[in-house]
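Structural characterization, general
Read off the chains here:
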Amino acid sequence: MLAVRLAERAVMAAEMGIRPVLLLDDALAELDPERQRRFLELQNEGQTLVTATTLPPLARSVQAFRVQAGTLLEGEWSLPSATF
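Residues numbered from 1 in each chain as written. Predicted model: local features only at pLDDT ≥ 70, side-chain atom pairs only at ≥ 80, totals over all residues. Heavy atoms only, no water.

1. Examining helix H2 (residues 33-42)
Each α-helix turn comprises 3.6 residues. Residues three or four places apart therefore point the same way. For H2, the set of buried residues is Gln36, Phe39, Leu40 and Glu41. Here H2 starts with a cap whose side-chain oxygen sits 3.0 Å from the backbone nitrogen of Glu34, and that cap is Asp32. (Buried < 20%, exposed > 50% of the residue type's maximum accessible area, 1.4 Å probe, protein only. Helix = DSSP H or I, 4+ residues; strand = E, 2+ residues; numbered from the N terminus. Polar contact = N/O pair within 3.5 Å; in protein donor to acceptor, adjacent residues only side chain to side chain.)

2. Brief notes about the pattern of salt bridges
Once their charged atoms are close, side chains differing in charge can pair, the charge on each being opposite to the other. Scanning the entire structure with this criterion turns up 2 salt bridges. Put simply, Arg5 and Glu8 hold a salt bridge, and the shortest N to O gap is 2.9 Å. In this pair, Arg5 and Glu8 both sit in helix H1 (residues 2-16), 3 residues apart, roughly one turn of the helix. Given the relative accessible area of 38%, Glu8 is considered partly exposed. Between Arg35 and Asp32 there is a salt bridge; the shortest N-O distance is 2.6 Å. Judged by its relative accessible area of 46%, Arg35 falls in the partly exposed class. (Salt bridge = Lys/Arg side-chain N within 4 Å of Asp/Glu carboxyl O.)

3. Looking at a nonpolar patch on the surface
A grouping of Met12, Met16 and Ile18 is seen on the molecular surface, where their side chains present a nonpolar patch of about 290 Å² in accessible area. Inspection of the secondary structure assignment puts Ile18 in the loop between H1 and strand E1 (22-25). (Patch = residues over 30% accessible without salt bridge, like charges linked within 9 Å, V, L, I, M, F, W, Y side chains within 5 Å. Areas by Shrake-Rupley, 256 points an atom, 1.4 Å probe, with all protein chains shown as cover.)

4. Some details on H1
An ideal rise of 1.5 Å per residue puts 21 Å on 15 residues; H1 measures up with 21 Å between its terminal C-alpha atoms. Just beyond H1, the residue with positive phi is Gly17, at close to 85°. (Expected span 1.5 Å × (residues − 1).)

So, in structure tokens, the structure goes:
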């Protein structure tokens, strides 16, 4: 299903001339760690919002947020650790 969403986004971008925001709820749960990392590193065109319960290590920094005790916290998420 993830491939379908990415294909839809590409078609919409080609037809409309803009990339729509991609919203994915817990999409990483079904992927192994290597595919999680590759998927996230490929999301460099347009805006992508992903919810997840765990964060795989990444080769590049991305903007990450987490909710802790009802408070929204912002930080960088990259190698070597996935904590912020």
